[in-house]
Amino acid sequence: MYLSMVVPCFNEEHGVQRLYDALVEALAGEVRDYEVILVDDGSTDRTLCEARRLSEHDPRFRYVSLSRNFGKESAVLCGLRHARGNRVALLDADLQHPPRLLPRMLVLLDTGYDQVVARRSRSGDTAWRTALSRTYYRLARRWLDVSLRDGAGDFRVLSRRAVDALLSLPEHHRFSKGLFAWIGFDTGYVTYRNVPRQTGESRWRLSALVDHGIDGLVSFNDAPLRPALVLGLLTTGLGCVAGAVVRGRNRWAAGLFGLGGVQVFLLGVLGEYVGRACAEARRRPHYVVKESSPVPGPPRAVEQ
Ligand code: UDP
Ligand code: MG
């Protein structure tokens, strides 16, 4: 059994060596054959130099460097395409996904699961982020066509057929939590306590989180169009009632106010879907590769 580990790296110059040490230590005596694919997502620091250095030092460590920052989802997709193992692990470079959990996750995978997810507790997260996540998952449970679990992120091990299923999904806006849920298969869970980032800082500013959240809601259902319709009808009704009750100029003002709100809201919702349809229709590649380490043997995946 060959294990591939996919690690997206964006400005992780201080994290790469630590990751190397932690992985080698965690896997020693546990996993014999493995490769690590470091995907440099257009870092502007010395991440690429570090990746080159590591892959020269230890050929089990390979790297692919993207021509600019394409975002974590694209970097992960690139890594999955390059992974040749019949088991593939996804983990972050900042050691927030502790490599020591991998052996336990692999044992669970071998009991017959196709995905084993390490769920994290929210200890250490800021209060606003925890509150935002809770609300988001509550909404997602009600609205989405796939079921998402709080804390179940990208830290997971996948069987080859689960990876192939993921690679068969061509969409441009990749909301990976949704994609993992969409492909299905039996999923096992292990839990771990949240660990703070070891070096560098998180790229998830509030705006990026909100973008990602909307991606998820819009990619996995058509439901927002329905409340938009209902709300549209309701507000129009309210506008009519208000128009009938209030007198004089206020009547017009009430009606216009209601209608204006509904129109802007509906346009926003439609815009989300239209924007997504445009992005998918352009069919641009998800990323562009700048350079990669020499691959021993024929690669499994073909660059698109
Ligand atoms: N990352 C990436 N491209 C990006 C942003 C992040 O490849 O544009 C990588 C980053 O180097 C790390 C992982 O994705 O290995 C998770 O990023 P981060 O720690 O910023 O996210 P958080 O842990 O706060 O969710
Ligand atoms: Mg992190």
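Residues numbered from 1 in each chain as written. Chains lettered and ligands numbered in written order. Predicted model: local features only at pLDDT ≥ 70, side-chain atom pairs only at ≥ 80, totals over all residues.

A. Spotlight on the pairing of strand S5 (residues 115-120). Counting buried residues in S5 gives five out of six residues, a clear majority hidden from the surface. Here S5 runs beside strand S6 (residues 152-159); their pairing, made up of four bridges, is antiparallel. Residue pairing in the sheet places Val116 in a bridge with Val157 of S6. In this structure, S5 lies alongside strand S7 (residues 187-192), joined through six bridges in parallel fashion. (Buried ≥ 20, exposed ≤ 12 C-beta atoms within 10 Å, placed from the backbone. Helix = DSSP H or I, 4+ residues; strand = E, 2+ residues; numbered from the N terminus. Pairing = 2+ DSSP bridges.)

B. Summary view of the site of ligand 1. By nearness alone, 17 residues border ligand 1, and Pro8, Phe10, Asp41, Ala93 and Ser202 come closest of all. Listed by contribution, the elements that provide at least two residues to the shell around ligand 1 are strand S1 (3-9) and helix H3 (72-82). (Near = placed C-beta within 6 Å.)

C. Here's a closer look at the UniProt feature "transmembrane region" (unreviewed entry) in the protein. In the numbering adopted here, UniProt assigns the feature "transmembrane region" (unreviewed entry) to residues 228-246 and 252-274. Split by type, residues 228-246 is 95% helix and 0% strand. Its first and last C-alpha atoms lie 26 Å apart. Overall, residues 252-274 shows 100% helix and 0% strand. The separation of its end C-alpha atoms is 32 Å. (UniProt positions renumbered as here; feature names shortened; annotations may be inferred.)

D. Local environment of the environment of Arg142. Summarising the element assignment, Arg142 is placed in helix H5 (residues 127-143). Owing to 8 C-beta atoms within 10 Å, Arg142 belongs among the exposed residues under this scheme.

E. Summary view of unusual backbone geometry. One non-glycine residue, Leu95, lies in the positive phi region at around 65 degrees. The backbone phi angle of Phe185 is positive, close to 75 degrees, even though this residue is not glycine. On the secondary structure map, Phe185 appears in the loop between helix H7 (176-183) and S7. With 13 C-beta atoms packed within 10 Å, Phe185 lands in the partly exposed category.

F. Structural view of H7. Those residues of H7 not exposed but buried are Lys177, Gly178, Phe180, Ala181 and Ile183. Lining the buried residues of H7 we find S5, S6, helix H6 (160-167) and helix H8 (206-219). Directly beyond the C-terminal end of H7, a positive phi value near 75 degrees is found at Gly184. (Contact = placed C-beta atoms within 7 Å.)

G. Spatial organisation of the pairing of strand S2 (residues 34-40). Taken across its seven residues, S2 has seven buried, putting it largely inside the fold. Taking every second residue as pointing to the same face, both faces of S2 are buried, with Tyr34, Val36, Leu38 and Asp40 on one and Glu35, Ile37 and Val39 on the other. Both S1 and S2 contribute to a ladder of seven bridges, which runs parallel. Directly across from Pro8, in S2, lies its bridge partner Val39. Handedness of the crossover is the feature at issue here: the chain leaves S1, passes through helix H1 (residues 15-27), returns alongside S2, and the resulting connection is right-handed. As paired elements, S2 and strand S3 (residues 61-66) share five bridges and run parallel to each other. Bridged to Asp40 within S3 is Ser65. Where the polypeptide runs from S2 across helix H2 (residues 47-57) and back to S3, its parallel neighbour, the crossover connection is right-handed. (Right-handed = clockwise from strand over helix to strand, strands pointing away.)

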